[in-house]
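Per-entry structural report
The residues making up each chain are set out below.
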Amino acid sequence: MQESACLVVGIDVGGTKTHLRALSGDTLVADRVRASGGWRPHDPVAAAGWLAALLADTLPAGVRPSALAVGGHDCETPRQCAQIRAALQLHFDAPALVVGDAQLLVPAAGLDKGVGLVAGTGSVAVGLLADGSPVQVGGWGAVLGDEGGAAGLVREAVRAVWAAHDRGEEPDALALGLLSAFDVSEVPLLCGALERATDISAEWGRHAPAVFAAAEAGSFLARTVIAEGGRALAALVARLAARGVTVDDVVVAGSTVLAQPSLYEAFASSLATAVPTARPRPLRAPPVEGAVAMARSLV
């Protein structure tokens, strides 16, 4: 294969789908979205092989990238990302960068610094220290964390419903919505429904619309859960600020927070109190644009 002059490739490997975009100058060479099945970021050799196969399947025959940047779902530490990057060098010797997928948000918004906040199925926030070191907070999974993400909201909604049941209250719109979503007949049976999940984040998170529907129907419990979710997202930004990250701009992405105005408003209101100098900015560009910008910086 021959090198293609100044062909930069950006890849956003999300939890469910992967977006690859390749450009030569301003000319789009490839733009592909596919499922993320088979992505194994905790096995650097397998992850690098998966990325190399994606490149081979997507780029024109005989074309290799001049620079590559990858934002990878579940790339949780700098060491893990560096190991994947090192393994990539076995496939091609072009400059490469591997980061967590949330780190794509700030460059995708056209910014040099700031915070990337994701609230989709889960939740996480990332930023950079003055020396360029990445800092990640949150993202601890649906069982113990991911507050403000879809799965975390469902978890907290069920807890609120259980507490109301223990107080002897009749099921409200939130309880009825969750019973319908999980296809059980009584509040105590929600326990078994949650515990039977094999893919906890996905199976819990898909029921988040029931929480928002209950809030719209007037459920005080649901509105409280959403408000607390917004405060939890703002708290992630506050933690980054306390660690020395510049948080003036907070680029917000994720299928839950951007699709649900009540959650976004709860987050923005809490952020104004917790970190008054921070400005929330919904991301309008695809995150892969951040990977492309990072790849351009390597050439």
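For the structure itself, look to the data block above.
The structure contained in this document is the topic of the report that follows. (Residues numbered from 1 in each chain as written. Predicted model: local features only at pLDDT ≥ 70, side-chain atom pairs only at ≥ 80, totals over all residues. Heavy atoms only, no water.)

1. Here's the deal with the overall build of the protein chain
As a reminder of what qualifies: For the purposes of this entry, the term helix denotes a DSSP run of H or I that reaches at least four residues, the term strand denotes a run of E that reaches at least two, and both are numbered from the N terminus. C-alpha atoms define the radius of gyration in this analysis, and the globule rule sets the expected value at 2.2 Å times the number of residues to the power 0.38. Type-normalised accessible area, obtained with a 1.4 Å probe on protein chains alone, sets the label of each residue: buried when under 20%, exposed when over 50%, and partly exposed for intermediate values. Note on definitions: a residue-residue contact is assigned when non-hydrogen atoms from the two residues lie within 4.5 Å. Neither His nor the chain termini are counted; the positive set is Lys and Arg, and the negative set is Asp and Glu. To locate a charge, take atom NZ for lysine, CZ for arginine, CG for aspartate or CD for glutamate.
Per the secondary structure count, the protein chain includes eleven helices and twelve strands. Over its C-alpha atoms the protein chain spans a radius of gyration of 21 Å, differing by no more than 12% from the 19 Å that the globule rule assigns to 299 residues. In terms of its C-alpha atoms, the protein chain occupies a principal-axis envelope of roughly 70 × 40 × 30 Å. Sorting the 299 residues of the protein chain into buried and exposed places 48% on the buried side. Nonlocal contacts in the protein chain, meaning residues at least 24 apart in sequence, comprise 66% of its contacts between residues at least 6 apart. Each charge class in the protein chain was averaged separately, 22 positive and 30 negative side chains, and the resulting centres sit 4 Å apart.

2. Notes on the packing of aromatic side chains
Given two aromatic rings, their pairing is described by the distance between the two centres and the angle made by the two planes. Here is the rule we go by: Whether two aromatic rings pair depends on their centres lying within 6.5 Å, for rings of Phe, Tyr and Trp, where Trp uses its six-membered ring; planes under 30 degrees apart make the pair stacked, over 60 edge-to-face, and the rest tilted.
Evaluation of the coordinates by the stated rule reveals two aromatic pairs. Ring plane angle 70 degrees and centroid distance 6.2 Å describe the contact between Tyr264 and Phe267, whose orientation is recorded as edge-to-face. Of the two residues, Tyr264 and Phe267 are both situated in helix α10 (residues 261–274); the distance of three residues between them amounts to about one turn of the helix. With respect to class, Tyr264 is no different from Phe267; both count as buried.

3. As for the pattern of salt bridges
Note the cut-off: The term salt bridge refers to a pairing of a side-chain nitrogen on Lys or Arg with a carboxyl oxygen on Asp or Glu at a separation within 4 Å.
Overall, the coordinates contain eight salt bridges when judged by the stated rule. Note that Asp43 is salt-bridged to Arg40, the shortest N-O span being 3.0 Å. Owing to a relative accessible area of 47%, Arg40 belongs among the partly exposed residues under this scheme. Where Asp249 meets Arg279, a salt bridge forms, and the shortest distance between an N and an O atom there is 3.1 Å. Of this pair, Asp249 sits in strand β11 (residues 249–253) while Arg279 sits in strand β12 (residues 279–282), and the two are 30 residues apart along the sequence. Judged by relative accessible area, Asp249 falls into the buried class, the value being 11%. Through salt bridges that share partners, Arg21, Asp31 and Glu289 make up one connected network.

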